[in-house]
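Here are the chains, one letter per residue:
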Amino acid sequence: MNWNRREFLGLAAGAALAQDKPLRVGFIGVGNRGTGLLRTTLSLGTIEVPAVCDINEAHLERALGMVEKAGRKRPESYGLRGVDDWKRLVERDDLDAIVNAGPWELHTPMSVATMKSGKYAATEVPAATTIEECWELVRVSEETGKPCMMLENVCYFRNALMVLNLIRQGVLGEVIHCEGGYQHDVRGAFIARPGRGTPGEITWRGMHAATKNGNIYPTHPIGPIGWWLDINRGDRFTYMTSMSSKSRGLRHYVEKRHGKDHHNAKRDYAMGDVNVSLIRSENGATVTLYHDTVLPRPYDLILRVQGTEGIYSGTLDKIYLEDRSPKPHEWEDPEAYYKQYEHPLWRDLEQKARQHGHGGADYITLHQFYKAVRQGTQTPIDVYDTAVWSAIMPLSIQSVAQRSAPVDFPDFTRGNWKTRPPVPITGA
Ligand SMILES: NC(=O)c1ccc[n+]([C@@H]2O[C@H](COP(=O)([O-])OP(=O)(O)OC[C@H]3O[C@@H](n4cnc5c(N)ncnc54)[C@H](O)[C@@H]3O)[C@@H](O)[C@H]2O)c1
């Protein structure tokens, strides 16, 4: 039975937890991101964190201390017995869900083990790095009846959700084209900085850039765009093509900071500095996707959507609607639209969310995950979203390696995209 039928029958994940019973959540990987997710989790009310895992003792200690400081029992710790110690945490029978925020290549094994042990899986982005892993996530979620939600927080950005509402209410007309990008100077996450490893050495994340050529981080922009286009829910991505520029950024960065003779200023980096991909959907919508992370630049996810009635630009945070904007061919300030079309989640949660990461989106993302765990329902970002958004990394790499030849998307829903309902627009 696939998820379509499960959702229909309301059997998604077994019995709902009593509303007043605390949720019990385990954490694996409490580095930079995992610590932020843990902090937000601890502010979300009746959630206990009985177990935390990290192979880095300082990170582990910091997390245990945070839980205690928040007035909860000191969690049991895992990780110091080695890189597979997380498996002991997953085997515990007193957890409802596990959040994993370790390196990319561990996301699928951890999520798969979590679902197989009967728990809800939440994973950081990307959930998978190969097409086989994407399929494994889908298969195991269907077999176990346990959801796997990639914590794609950009889906919950205020503008992304307002645009989803605009689209749903027909204000932008039929959506024709979207543009997004992970345009974020993360050289400091690829090459270690003082205080975070040996300065000048390549980090685990940087090793992906050193060895893979393509869009290696597509999920932030494609998450909201996937929802805008009803991907897996009325439409689906059919094929894409991808092209990478030459590679200069990381070498140049190391050279400037550590000198021409540093071994990392002399090595080759596989990843082209700017990658551009084009995606086409079954219903004829197109998407341009950028990956631009190793050159100096301000952060910009683009998040632009063009419909038959008008256009919204996230870069500008401006809108233009043919029969509504005051002046023809001129952008309009979106404030009035935020008032009228604010997504109900933002209406309900903004006050509490604002002090949390990514303008509040991190809070809303976790809020929605834990709500599904509590109610025993499907997660709003489901395993099909998780798989198809993650699949873009390996597909892009494949296309780049073949002189930008088009590559097909697998249909992870096995045809069910035609009838699956769109993401619901509901409040908290
Ligand atoms: N959604 C977002 O906005 C966002 C932001 C930053 C990072 N991320 C993602 O979060 C993830 C983590 O990134 P980060 O910046 O926190 O990296 P990090 O290196 O700071 O943290 C990773 C942690 O995992 C631990 N770890 C590694 N191997 C382990 C193992 N076998 N068992 C247990 N723990 C292990 C490390 O010791 C470290 O503490 C990545 O997938 C990254 O892409 C997402």
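Residues numbered from 1 in each chain as written. Predicted model: local features only at pLDDT ≥ 70, side-chain atom pairs only at ≥ 80, totals over all residues.

Requested: an account of helix 5 (residues 107-116), with residues and values cited.
By the criterion of burial, helix 5 is predominantly enclosed, with eight of the 10 residues buried. When helix 5 is considered as a whole, its buried residues turn out to be His107, Thr108, Met110, Ser111, Val112, Ala113, Thr114 and Met115. In the core, the buried residues of helix 5 are packed alongside strand 1 (23-28), helix 4 (86-91), strand 4 (97-100), strand 5 (120-123), helix 6 (131-144) and strand 6 (148-150). A positive phi of about 85 degrees marks glycine 118, the residue just after helix 5. (Buried ≥ 20, exposed ≤ 12 C-beta atoms within 10 Å, placed from the backbone. Helix = DSSP H or I, 4+ residues; strand = E, 2+ residues; numbered from the N terminus. Contact = placed C-beta atoms within 7 Å.)

Which residues make up the pairing of strand 5, and what values do they have?
The alternating pattern of strand 5 places Tyr120 and Ala122 and Ala121 and Thr123 on opposite faces, both of which are buried. Relative to strand 5, strand 4 runs parallel, the two being bridged by four bridges. Within the sheet, the bridge partner assigned to alanine 97 lies in strand 5 and is tyrosine 120. Two elements, strand 5 and strand 6, share three bridges in a ladder whose sense is parallel. (Pairing = 2+ DSSP bridges.)

Give a description of the site of the ligand that names residues and reports values.
Close to the ligand lie 24 residues, the nearest being Gly29, Gly31, Asn32, Arg33 and Asn56. Residue contributions to the shell around the ligand peak at three residues, all from helix 2 (residues 32-42). Looking at the shell around the ligand residue by residue, the classes come out as 11 nonpolar, 10 polar and three charged. (Near = placed C-beta within 6 Å. Nonpolar A, V, L, I, M, F, W, Y, C, P; charged D, E, K, R; others polar.)

Summarise the pairing of strand 1; cite the residues concerned and give the values.
On a regular strand, each side chain points to the face opposite its neighbour's, so the side chains alternate between the two faces of the sheet. Of all six residues making up strand 1, five are buried, and the element is well covered by its neighbours. Crossover handedness for the path strand 1 to helix 2 to strand 2 (residues 47-53): right-handed. Two strands pair when backbone bridges link them, and strand 1 and strand 4 are joined in this way by four bridges, in the parallel orientation. The residue bridging glycine 26 from the neighbouring strand is isoleucine 98, located in strand 4. (Right-handed = clockwise from strand over helix to strand, strands pointing away.)

Outline the sheet that holds strand 5, supporting the account with residue identities and numerical values.
If you trace the six strands from one edge of the open sheet to the other, you get 3-2-1-4-5-6, paired in parallel fashion. Here the strands that pair on one side only, and so sit at the sheet edges, are strand 3 (76-78) and strand 6. This sheet shows a mean twist of 25 degrees between the axes of neighbouring strands, independent of strand direction. (Axes fitted to C-alpha atoms, helices over the stretch in contact; angles between N-to-C directions.)

Account for the domain arrangement of the protein chain, with residues named and values stated.
By a frequent convention, interface size equals the accessible area lost on bringing the separate parts together. If you check the domain split of the protein chain, you get domain 1 (3-152) and domain 2 (155-347 + 382-418). With 20 residues of domain 1 at the contact, the number on the domain 2 side is 19 residues. Only helix 1 (3-9), helix 6 and strand 6 provide two or more residues apiece to the side of domain 1 that touches domain 2. The biggest single contributor to the side of domain 1 that touches domain 2 is helix 6, with five residues. Looking at the side of domain 1 that touches domain 2 residue by residue, the class counts come to 15 nonpolar, four polar and one charged. (Domains from an automatic or database assignment.)

Give a description of unusual backbone geometry that names residues and reports values.
A cis geometry characterises the amide bond from valine 125 onward to proline 126, with omega recorded as -20 degrees. Among the structural elements, proline 126 can be located in the loop between strand 5 and helix 6. The residue histidine 329 is not glycine, and still its phi comes out positive at about 65 degrees. Among the residues examined, histidine 329 registers 7 C-beta atoms within 10 Å and is labelled exposed.

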